[in-house]
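Below are the chains, spelled out letter by letter.
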Amino acid sequence: GQQVMQIPQYQHVQEGEDFTTYCNSSTTLSNIQWYKQRPGGHPVFLIQLVKSGEVKKQKRLTFQFGEAKKNSSLHITATQTTDVGTYFCAGLDSGGYQKVTFGTGTKLQVIP
Amino acid sequence: DTEVTQTPKHLVMGMTNKKSLKCEQHMGHRAMYWYKQKAKKPPELMFVYSYEKLSINESVPSRFSPECPNSSLLNLHLHALQPEDSALYLCASSTGPLAGGPSAKNIQYFGAGTRLSVL
């Protein structure tokens, strides 16, 4: 079945440093979504990318979808303590079903 | 209103108990989901209901029984669970549609979850 891996598994950064998490799927995706889960919370949708090579920005967050639609990245510029949490990518496979497969996640700790 | 409401927030049950988890959304979404999330792991899909019909069952043991009484409600009936079933159970809903393609939207709106402990 489809597998979606993320690296790194954990990342500790000093506040103000940049952060990047990478997402790789074993199969071609029709779209990729990113979610953030705060400690003790539930996943919250951040963004969806649909087109090959697509880049989207949300303030300090930049999301990219690979040309082959098998990988994606999330980059946070100048991290803040409010960025703490686990970031999951989630892929909808090209078969078009409603099954969204979550990546393994990257847990971000920001040291003030 | 983008809220998905789950009850109860916490549940402790013995292995012989029968209990139910409830989920409600009023966003007009026609797809609803149950996920299981263990500590430090991603959400793991269990069931998908589309237009109140079960469309995906990810080979979940029969001690978990989903039910979708109407388009706004989703239940998960629990019976004879095992300690390893202890986890955070998340409900989610989405607009669909069923078909894929570049415009497919399957954004998941999650509830706060039910933290289940099986003793």
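To be clear, the structure that these remarks concern was listed above.
Residues numbered from 1 in each chain as written. Chains lettered and ligands numbered in written order. Predicted model: local features only at pLDDT ≥ 70, side-chain atom pairs only at ≥ 80, totals over all residues. Heavy atoms only, no water.

## Some points on the sheet that holds strand β8 (residues 73-79) of chain B
Residues and elements named next belong to chain B.
- Taken in spatial order, the four strands make up an open sheet running β1-β3-β8-β7, and their pairing is antiparallel. This sheet does not close on itself; its edge strands, each paired only once, are β1 (4-7) and β7 (64-70). Within this sheet the neighbouring strands show an average axis-to-axis angle of 20 degrees, counted without direction.
- Here β7 runs beside β8; their pairing, made up of five bridges, is antiparallel. Among the inter-strand pairings, E67 is bridged to a residue of β8, identified as N75. (Pairing = 2+ DSSP bridges. Helix = DSSP H or I, 4+ residues; strand = E, 2+ residues; numbered from the N terminus. Axes fitted to C-alpha atoms, helices over the stretch in contact; angles between N-to-C directions.)

## A word on the side chain of H29(B)
- By the secondary structure assignment, H29(B) is in the loop between β3 (18-25) and β4 (31-37).
- H29(B) sits in the buried class, given a relative accessible area of 5%. (Buried < 20%, exposed > 50% of the residue type's maximum accessible area, 1.4 Å probe, protein only.)

## Quick word on the packing of aromatic side chains
- Under the definition given, this model contains 11 aromatic pairs over all chains.
- Relative to Y87(A), the ring of F19(A) lies with its centre 5.9 Å away and its plane at 45 degrees, an arrangement referred to as tilted. On the criterion of sequence distance, the pair formed by F19(A) in strand β3 (residues 19-25) and Y87(A) in strand β9 (residues 85-93) is long-range, its members being 68 residues apart.
- The buried category is assigned to Y87(A), whose relative accessible area is 1%.
- Geometrically, the ring pair formed by F64(B) and Y89(B) is tilted, given 5.8 Å between the ring centres and 35 degrees between the ring planes. Residue F64(B) is located in strand β7, and its partner Y89(B) is located in strand β9 (residues 87-94); the two are separated by 25 residues in the primary sequence.
- Through a chain of ring-to-ring contacts, the aromatic side chains of Y35(A), F45(A), F88(A), F102(A), Y33(B), Y35(B) and F110(B) assemble into a single cluster. (Phe/Tyr/Trp six-rings, centres within 6.5 Å; stacked < 30°, edge-to-face > 60°.)

## Some details on the state of the cysteines
- Applying the stated criterion to the full structure yields two disulfides over all chains.
- Shown here is the disulfide that connects C23(A) with C89(A), its sulfur atoms set 2.1 Å apart. The S-S bond linking C23(A) to C89(A) shows a torsion near 80 degrees; that makes this disulfide right-handed. Here the residue C23(A) occupies a position in strand β3, and C89(A) occupies one in strand β9, the gap between them amounting to 66 residues.
- With a sulfur-sulfur separation of 1.8 Å, C23(B) is cross-linked through a disulfide to C91(B). (Disulfide = S-S within 2.5 Å.)

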